[in-house]
Amino acid sequence: MNLKSMTLPELTAVLKELGQPQFRARQVYTWLHKGVRAYDEMTNLPKSLRDTLAREYPICAPKVVRRQESARDGTIKYLWELSDGNCVETVLMRYHYGNTVCISTEVGCRMGCAFCASTLEGCIRNLTPGEMLSFVALANADVPAEEGRDRSVTNIVLMGSGEPLDNYDNTVKFLKLVSSPDGMGISPRNISLSSCGLVPRIDTLPQDAPHVTLSVSLHAPNDEIRNKLMPINKAYQIAEVLAAARRYAQTTGRRVVFEYALVKGLNDSQANANELAARLRGMTCHVNLIPLNPVKERNLLGTSRKEAEVFRKWLEDRGISATVRREMGTDIDGACGQLRRRVLMQREE
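Residues numbered from 1 in each chain as written. Predicted model: local features only at pLDDT ≥ 70, side-chain atom pairs only at ≥ 80, totals over all residues. Heavy atoms only, no water.

## Here we look at the packing of helix H1 (residues 8-17) against helix H2 (residues 22-33)
Part 1 of the reasoning: The N-to-C vectors of H1 and H2 enclose an angle of 125 degrees; their axes lie 8 Å apart at closest approach. One finds that H1 runs oblique with respect to H2. Where H1 crosses over H2, the handedness of that crossing is right-handed. The segment H1 lies against H2, with Leu8, Leu11, Thr12 and Leu15 engaging Gln22, Arg24, Ala25, Arg26, Val28 and Tyr29. (Axes fitted to C-alpha atoms, helices over the stretch in contact; angles between N-to-C directions. Helix = DSSP H or I, 4+ residues; strand = E, 2+ residues; numbered from the N terminus. Parallel < 35°, antiparallel > 145°, perpendicular 65-115°, else oblique. Left-handed = near helix turned anticlockwise from the far one by under 90°. Contact = heavy atoms within 4.5 Å.)

## As for the side chain of Ser104
Part 1 of the reasoning: Checked against the element boundaries, Ser104 lands in the loop between strand S4 (98-103) and strand S5 (106-108).
Part 2 of the reasoning: Looking at Ser104, the relative accessible area reads 1%, which means it is buried.
Part 3 of the reasoning: Side-chain polar atoms of Ser104 contact the backbone nitrogen of Ser161, separated by 3.0 Å.
Part 4 of the reasoning: Discounting residues that sit within four places of it in the chain, Ser104 has contacts with Val88, Glu89, Leu127, Met132, Phe135, Gly160 and Ser161. (Buried < 20%, exposed > 50% of the residue type's maximum accessible area, 1.4 Å probe, protein only. Polar contact = N/O pair within 3.5 Å; in protein donor to acceptor, adjacent residues only side chain to side chain.)

## Thoughts on the nonpolar core
Part 1 of the reasoning: If you look at the biggest cluster of nonpolar residues, it comprises 82 residues, and the most contacted ones within it are Phe174, Phe258 and Leu315.
Part 2 of the reasoning: Ignoring sequence-local partners within four residues, the contact set of Phe258 consists of Val216, Leu218, Leu242, Ala245, Leu280, Met283, Cys285, His286, Val287 and Asn288.
Part 3 of the reasoning: Formed by 21 residues, the second largest nonpolar core is a distinct cluster that contains Met6, Leu15, Tyr57 and Leu177. (Core = buried A, V, L, I, M, F, W, Y, C linked by side-chain atoms within 4.5 Å.)

## A short note on the pairing of strand S3 (residues 87-95)
Part 1 of the reasoning: Counting buried residues along S3, seven of its nine residues qualify, which places the element largely inside the surrounding structure.
Part 2 of the reasoning: Examined bridge by bridge, strand S2 (residues 76-81) and S3 share six bridges and lie antiparallel to one another. Paired with Tyr78 across the strands is Thr90, a residue of S3.
Part 3 of the reasoning: Here S2 hands over to S3 after five residues, with Gly85 in that stretch at a positive phi of 95 degrees.
Part 4 of the reasoning: Taken together, the six bridges between S3 and S4 define a ladder with antiparallel strand orientation. (Pairing = 2+ DSSP bridges.)

## Focus on the sheet that holds S4
Part 1 of the reasoning: Pairing in this open sheet of ten strands is mixed, and the strands run S1-S2-S3-S4-S7-S8-S9-S10-S11-S12 from one edge to the other. Strands at the two margins of the open sheet, each flanked by one partner only, are strand S1 (63-69) and strand S12 (322-324). Shown here is a sheet whose adjacent strand axes are inclined to one another by a mean of 20 degrees, direction ignored.
Part 2 of the reasoning: Across the face of the sheet, helix H5 (residues 168-178) comes into contact with S4, strand S7 (153-158) and strand S8 (191-195) while running at roughly 175 degrees to S7.
Part 3 of the reasoning: Each of strand S9 (213-217) and strand S10 (256-262) is contacted by helix H8 (residues 238-252), which is oriented at about 145 degrees to S10, the strand it contacts most.

## Brief notes about the packing of aromatic side chains
Part 1 of the reasoning: Counting across every chain of the model gives five aromatic pairs.
Part 2 of the reasoning: On the numbers, 6.3 Å between centres and 15 degrees between planes, the contact of Trp80 with Phe135 is stacked. Here Trp80 is found in strand S2, whereas its partner Phe135 is found in helix H4 (residues 129-142), with 55 residues between them in sequence.
Part 3 of the reasoning: Look at Trp80 and you get buried, because its relative accessible area is 1%.
Part 4 of the reasoning: Phe135 gets classed as buried once you look at its relative accessible area, which sits at 0%.
Part 5 of the reasoning: Ring centres of Tyr260 and Phe311 lie 5.4 Å apart, and the angle between their planes is 25 degrees; on these two criteria the pair is classed as stacked. Linking Tyr260 in strand S10 with Phe311 in helix H10 (residues 305-317), this pair joins segments that are 51 residues apart in sequence. (Phe/Tyr/Trp six-rings, centres within 6.5 Å; stacked < 30°, edge-to-face > 60°.)

Shown next as structure tokens:
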């Protein structure tokens, strides 16, 4: 049993069985959310309790296999080794408003998107809520907080390896844990969850994780193009995905973000922009245009940043809010799954 995956009431029940008062559970909970790697670091707990917890509920904190920091923009990419030997990535990106951590929700991914390195070996397993929490807590502990701030991590995006809504229960529990005021206390409004479009789960998300920002990986204006990029489109076509996004926006009152990776010669023409704008018209939304990070195993070329700005202008001229994502970490295997895959291949040699 991983105590880090437990809510405060669940942890309180465990500590009660050990004969501990209720306030001890809160102390342990707070320490775990700070990213401690051993119970001996919990200095306000009796040694007898620390020894019992270490014996009965060992902390399986991820180990850093690689830590790469961009010389260009300060982006940090971590490759973690989990207790079972699997590896996953986390990226910390620095912005003027604070630091955003991008975490994975699965080891690998089974969605098969044509532009992503995460899915090349398929999905190995789901990540637990405690493992996801560890990625945030350890990155937060690694980078000093700015003066006047309680923590260095201010925002979270679930956009790393895996499809968050394919690991639904664990993802929802993680969201509750990381936003807990007794833990890290990161507001759900500062958390974005990216999905390739699992329609039934998009419809249940407002009840289970209200206030989280939904980002939909769209990447195409029509089914013909999306079928080439995203196998999930054969299960949930664009019309169904956009209808679910409209319901989400109406239910939550929050803007939906559409991610659109620009692939040269495939989805970046003016006709594509016109069709995309027509489909999104009337929805509370924003389009995040992404100059594609090159993945050597994929035979796809990204649109240049200059061309991406032209595409953005086409959308805005048609009343659709859009920005071009800032390119970060391209010198440190910035795309999802690149560093993990490179290390796995080195291990096989």
